[in-house]
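Structure at a glance
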Amino acid sequence: MKKLRFFDKIIYLVNAILATLLLLSYLLSLLPPKTFSILAVLNLGAPFLILANALFFLYWLVKVKRQLLLSLVVLLIGYLFYGSLYRFSSSKYTEGDNNLKVMNYNVRLFNLYDWIPEKGIETKIVDFIKEQSPDILSLQEYHPHKNVDLSFFKYKYEKLSGKKVKNGQAIYSQFPIINSGSVEFPNTSNNAIYADIVKGADTLRVYNIHLESLHIDTNVESLKKEDSERLFKRVSKTFKMQQFQTELFLMHKKQCRYKMIVCGDFNNTAYSYVYRNIKGDLNDTFKEAGKGFGRTYNFKFFPVRIDYIFSDEAFTVNGFKTYNEHYSDHYPIMASLSL
């Protein structure tokens, strides 16, 4: 440190702060948000902190300084416990007669309130889904829009709430649904629904989870106007709700004896408490066969992955796709599975 120039000392100080915050975000994913709800906000920033530490590592590497060890060690700890933020998967998306194509998509009410200033977004979403032809479709923020026709699926289960504008979650399937239901989350329109689907000789349980939203406007100007203290309090309150919703889901999941697929919008990153607990022993299909950052949410500052498809270990993950179609504030994802 003594041999560093003044500018590099400042750089290293910032480096040390961000490395410490990244380590703390790793630790916080192991602790219930109710315990440290304010600090749990760091989980949201984990992807940014990883990218920042990667840049610091490169900076010190170019300068051939041993200070590179700080970010290198922190990044290695994250890699060993959480895997890589960026996937260099060489696997190809494969399809076959025995494959099960599962798509997850938060459709944001099919653009009911014209968030995207473009006509016919709802029909473009339907056309896109029809073209990709998933066997099972899991939708969050579903709305029975008058222009939306998903009748090319043979079976469906939807759970809606709201008086003026009906909205909720839906599961569509090309295979028979023999049982379905909802895990109710109190004081919110969010919930988890499930459908037991028969494919051949197997019965599969498909969950569709929508955890509490953070209600953050990602527009730069809107973020500048946000009171930081109020923002932190709102986010910490949301994390507490997400933990409670996760606990309700896990109690229901524990009673299921079928092979399982869990889809959903968790409104939280893969470095969060809720992700770690919902995933449990299931496979994250993106980590198994995805590539790139796998971003699923349209956040302008850095790639964010908050939508997931988990599969039982009985399934082989043959492929994973993250699409670029911008018809919602979320991007659709699809996994190809086989038993």
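Rules of the game
Residues numbered from 1 in each chain as written. Predicted model: local features only at pLDDT ≥ 70, side-chain atom pairs only at ≥ 80, totals over all residues. Heavy atoms only, no water. Buried < 20%, exposed > 50% of the residue type's maximum accessible area, 1.4 Å probe, protein only. Helix = DSSP H or I, 4+ residues; strand = E, 2+ residues; numbered from the N terminus. Pairing = 2+ DSSP bridges. Contact = heavy atoms within 4.5 Å. Phe/Tyr/Trp six-rings, centres within 6.5 Å; stacked < 30°, edge-to-face > 60°. Lys NZ or Arg CZ within 6 Å of the ring centre and 35° of its normal. Disulfide = S-S within 2.5 Å. Expected span 1.5 Å × (residues − 1). Axes fitted to C-alpha atoms, helices over the stretch in contact; angles between N-to-C directions. Left-handed = near helix turned anticlockwise from the far one by under 90°. Nonpolar A, V, L, I, M, F, W, Y, C, P; charged D, E, K, R; others polar. Salt bridge = Lys/Arg side-chain N within 4 Å of Asp/Glu carboxyl O.

**Things to note about the pairing of strand β4 (residues 167–173)**
For a regular strand, side chains alternate in direction, first toward one face of the sheet and then toward the other. Taking burial as the measure, the seven residues of β4 include seven buried ones, the bulk of the element. Note: strand β2 (residues 136–142) against β4, five bridges, orientation antiparallel. Counted as the bridge partner of Leu139 is Ala170 from β4. Across seven bridges, strand β3 (residues 155–161) lies against β4 in antiparallel orientation. The residue bridging Lys156 from the neighbouring strand is Tyr172, located in β4. Hairpin connection between β3 and β4: a loop of five residues separates the two successive antiparallel strands, and Gly162 in this loop has a positive phi of roughly 100°.

**What to know about the sheet that holds strand β10 (residues 307–311)**
Spatial strand order, β5-β6-β7-β8-β10-β9: six strands in an open sheet with mixed pairing. Each edge of the open sheet carries a strand with a single partner, namely β5 (177–184) and β9 (283–284). Of the strand pairs in this sheet, strand β6 (residues 191–199) and strand β7 (residues 202–210) are connected by eight bridges, and their pairing is antiparallel. Across the sheet, the residue bridging to Ile197 is Leu204, located in β7.

**Focus: the side chain of Asp135**
Topologically, Asp135 is positioned in the loop between α5 (121–132) and β2. When residues no more than four places from it in sequence are discounted, the contact partners of Asp135 are Asn99, Leu100, Lys101, Phe153, Tyr172, Ser173, Gln174 and Phe175.

**Quick word on the packing of aromatic side chains**
Enumeration over the complete set of coordinates arrives at 22 aromatic pairs. Seen in terms of ring centroids, Tyr194 and Tyr207 are 5.9 Å apart; in terms of plane orientation they differ by 55°. Their pairing is tilted. Residue Tyr194 is found in strand β6, and its partner Tyr207 is found in strand β7; the two are separated by 13 residues along the sequence. This pair shows no difference in class: Tyr194 is buried, exactly as Tyr207 is. Relative to Tyr308, the ring of Tyr275 has its centre 5.1 Å away and its plane inclined at 55°; by these criteria the two rings are tilted. Taken as a pair, Tyr275 in helix α8 (residues 273–279) and Tyr308 in strand β10 lie far apart in primary sequence, 33 residues in all. One aromatic cluster is present, built from ring pairs that chain together Phe110, Tyr142, Phe152, Phe153 and Tyr172. For the cation-ring pair, Arg295 lies above Tyr331, with the distance from its terminal atom to the ring centre recorded as 3.7 Å.

**Details of the state of the cysteines**
Scanning the model with the defined rule gives zero disulfides in all. In this structure Cys256 is not part of a disulfide, and its nearest cysteine sulfur, from Cys263, lies 13 Å away.

**Some points on helix α1 (residues 6–28)**
The terminal C-alpha atoms of α1 lie 33 Å apart, and with 23 residues this matches the ideal 33 Å at 1.5 Å per residue to within 8%. Asp8, Ile11, Asn15, Leu18, Ala19, Leu22, Ser25, Tyr26 and Leu28 are the residues of α1 that are buried. The elements touched by buried residues of α1 are α2 (42–62) and α3 (68–82).

**A closer look at the pairing of β2**
Where burial is concerned, most of β2 is hidden: six out of the seven residues are buried. Bridge count between strand β1 (residues 100–106) and β2: five bridges; the pairing is parallel. Looking at the pairing, Asn104 lines up with Ser138 of β2.

**Comments concerning the sheet that holds β4**
To summarise the sheet geometry, strands pair through backbone hydrogen bonds and adopt either a parallel or an antiparallel arrangement. An order of β3-β4-β2-β1-β12-β11 is seen for the six strands of this open sheet, with the pairing classed as mixed. Whereas interior strands pair on both sides, the edge strands pair on one side only; in this sheet they are β3 and β11 (316–322). Ignoring which end each strand starts from, the neighbouring axes of this sheet average 10° apart. Strands in contact with α5 are β1, β2, β11 and β12 (333–338); relative to β1, the strand with the most contacts, it is inclined by about 165°.

**Some remarks on the packing of α2 against α3**
Put simply, α2 and α3 touch, their axes get as near as 8 Å, and they point 145° apart. In the packing of α2 onto α3, the handedness of the crossing is left-handed. On α3, the residues that touch Ile50, Asn53, Ala54, Phe56, Phe57, Trp60 and Leu61 of α2 are Leu68, Ser71, Leu72 and Leu75. Tallied by class, residues from the contact of α2 with α3 come to nine nonpolar, two polar and no charged.

**Observations regarding the pattern of salt bridges**
Here the idea is simple: oppositely charged side chains can pair when their charged atoms come close. Under the criterion given, the structure shown has eight salt bridges. Ionic pairing is found between Asp329 and Arg108, a salt bridge with its closest N-O pair at 3.7 Å. One end of the pair, Asp329, is in the loop between β11 and β12; the other, Arg108, is in helix α4 (residues 108–111), and 221 residues separate them in sequence. Here Asp329 matches Arg108 in class, with each residue buried. Among the ionic pairs, Glu158 bridges to Lys156, the shortest N-O distance being 3.7 Å.

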